Amino acid sequence: MNRTLREDADAIVRASIAAVLPDEAVRRTLRDYRPGRGKTLLVAAGKAAWQMARAAADTLGHVDGGVVITKYGHVKEPIPGLVCCEAGHPVPDENGFAATKKALALVEGLSAEDTVIFLLSGGGSALFELPLIPGEELRDITRQLLGCGADIVEINAIRKRLSAVKGGRFALACAPARVLSIVLSDVLGDPLDSIASGPACPDGTSCADALAVAEKYGLRLSRDALALLRRETPKTLDGVETYVSGSVRELCAAAGRAASELGYEPVFLTDRLSCEAREAGRFLSAILKSHAGSGRALAFIAGGETVVRLTGNGLGGRNQELALAACEGIAGLAEAAVFSVGSDGTDGPTDAAGGFVDGGSLEKLKAAGLELHAVLGDNDSYHALAAIGGLIVTGPTGTNVNDVSVALLRA
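Residues numbered from 1 in each chain as written. Predicted model: local features only at pLDDT ≥ 70, side-chain atom pairs only at ≥ 80, totals over all residues. Heavy atoms only, no water.

A. Molecular detail of the overall build of the protein chain. Broken down by element type, the protein chain carries 16 helices and 12 strands. Counting only residues that meet the buried cut, the protein chain has 58% of its 411 residues in that class. Contacts spanning at least 24 positions in sequence make up 81% of the contacts within the protein chain whose residues lie at least 6 apart. Counting every atom, the protein chain has about 15,900 Å² of accessible surface; 51% of that belongs to carbon and sulfur. (Helix = DSSP H or I, 4+ residues; strand = E, 2+ residues; numbered from the N terminus. Buried < 20%, exposed > 50% of the residue type's maximum accessible area, 1.4 Å probe, protein only. Contact = heavy atoms within 4.5 Å. Areas by Shrake-Rupley, 256 points an atom, 1.4 Å probe, with all protein chains shown as cover.)

B. Molecular detail of the side chain of His-74. As for its position among the elements, His-74 is in the loop between β2 (66–71) and β3 (83–87). What makes His-74 buried here is its relative accessible area of 5%. If we ignore the near neighbours within four places in the chain, the residues touching His-74 are Lys-47, Trp-50, Glu-86, Asp-344, Thr-346 and Pro-396.

C. Geometry of the packing of aromatic side chains. A full pass over the atoms with the stated rule returns 3 aromatic pairs. Taken together, a centroid distance of 5.7 Å and an interplanar angle of 45 degrees make the contact between Phe-118 and Phe-128 tilted. In this pair, Phe-118 sits in strand β4 (residues 115–120) while Phe-128 sits in the loop between α5 (124–127) and α6 (135–147), placing the two residues 10 residues apart along the sequence. On the accessibility criterion, Phe-128 (1% relative accessible area) is buried. Considering the side-chain rings of Phe-128 and Phe-170, the 5.1 Å spacing of their centres and the 85 degrees angle between planes classify their relative orientation as edge-to-face. (Phe/Tyr/Trp six-rings, centres within 6.5 Å; stacked < 30°, edge-to-face > 60°.)

D. Helix α1 (residues 5–18), seen in detail. In this model, α1 (14 residues) spans 20 Å end to end at C-alpha, consistent with the 20 Å of a helix rising 1.5 Å per residue. Taken as a whole, α1 has its buried residues at Leu-5, Asp-8, Ala-9, Ile-12, Val-13, Ser-16 and Ile-17. Buried residues of α1 fall within an arc of 150 degrees about the axis and therefore sit on the same side. Summarising the contacts, the buried residues of α1 are in contact with α11 (248–261), β9 (336–342), β10 (354–358) and β12 (403–409). (Expected span 1.5 Å × (residues − 1). Arc of directions from axis to C-beta.)

E. The packing of α1 against α11, seen in detail. Between α1 and α11, the shortest axis-to-axis distance is 8 Å and the interhelical angle comes to 135 degrees. When the axes of α1 and α11 are compared, the pair comes out oblique. Remark: the crossing between α1 and α11 carries right-handed chirality. For the pair α1 and α11, the contacting residues are Ile-12, Ala-15, Ser-16 and Ile-17 in the first and Leu-251, Ala-254, Ala-255, Ala-258 and Ala-259 in the second. Counted by class, the contact of α1 with α11 contains 8 nonpolar, 1 polar and no charged residues. (Axes fitted to C-alpha atoms, helices over the stretch in contact; angles between N-to-C directions. Parallel < 35°, antiparallel > 145°, perpendicular 65-115°, else oblique. Left-handed = near helix turned anticlockwise from the far one by under 90°. Nonpolar A, V, L, I, M, F, W, Y, C, P; charged D, E, K, R; others polar.)

F. Local environment of the packing of helix α12 (residues 277–291) against helix α13 (residues 318–326). Relative orientation of the contacting elements α12 and α13 amounts to 40 degrees, with a least axis distance of 7 Å. Our classification of the angle between α12 and α13 gives oblique. Crossing handedness for the pair α12 and α13: right-handed. Residues Ala-277, Arg-278, Ala-280, Gly-281, Arg-282, Leu-284 and Ser-285 of α12 pack against Arg-318, Glu-321, Leu-322, Ala-325 and Ala-326 of α13.

G. Structural detail: the pairing of strand β7 (residues 265–273). Two strands pair when backbone bridges link them, and β7 and strand β8 (residues 298–304) are joined in this way by 6 bridges, in the parallel orientation. Residue pairing across strands places Val-267 opposite Phe-300, the latter belonging to β8. Running through α12, the crossover from β7 to the neighbouring parallel element β8 is right-handed. (Pairing = 2+ DSSP bridges. Right-handed = clockwise from strand over helix to strand, strands pointing away.)

Pasting the structure below:
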């Protein structure tokens, strides 16, 4: 076999991401759309917003206005008839607040004959935001939530109560217009009220749930923020149709097909991986150690979304930390590798999609003067992987359906 493990990993990443691009799903949903007597407006928010909006604009042919809000570096070119905005993620910023104001102004004063095409993808919780508290306070709470180990459902239970658009409030702002929502899911199990905090979906969480999250993680909240946690969100919405396109299950299936074409036997572990990134990496390395010497070429596939517990001040993301945490367990295994990527092409506040390690990575770290546990303790996986050639860089992909982690073992 002339290919390297890294070449196999890169091929699997490319094929799996290509299989979950949202273009066809958006076109399929809008193909039979017939505009009413009123206006057709378009609002897109999330890391895949530009890609989804372009597909929608191409399919519809004409819209009467629209706003696209996505992450910095994700607008590839202008889309005629739409205002494209870039903003901060995973921590919201003033550009996101300003862009969301534009979206709310766009849908103000609509009639029952108007339609809002709402395209939503992961990352919308940070990108599509107009806070009911000062922006800096919201950013502080967001950082607390991202660093405490809370899962995405817990995080969104808090965020949607501090927002003028989350938890169904954007759909209320559009009323009485019809809202046609197309959602690219990045949340395990596809709960609509959690994807980007459900701007056009009735909220399935309660005030009690939000207050319990605040207490569980010891969040520092002002009196005004606590008062908002006690204010209930919409539980019913009229005039909203929602279609879910894409999921982490499709991402995993595509990774399995690509691995099979490369000669591996795919083993599907889960599409609901939800734990600390370091633990997931160690678990995948343990699986490889158990099967080393079996004489079989295997690809163990897990999809989902891990979390990082911040203990240091380094740079990295959950996929990079997962990969780095695996390198000790597979040290010395000549034909073993672990890699993990975010399908959106960005992992945490970095330009990398994820990370790759193999049986020689631990020695490479030592040769670079880096001690694994110190690096993990400082959450500095980005610089460590960069030092050993372990970063996976794809650039923004135009989709976002969670992460895929793969443990490869060659015969």
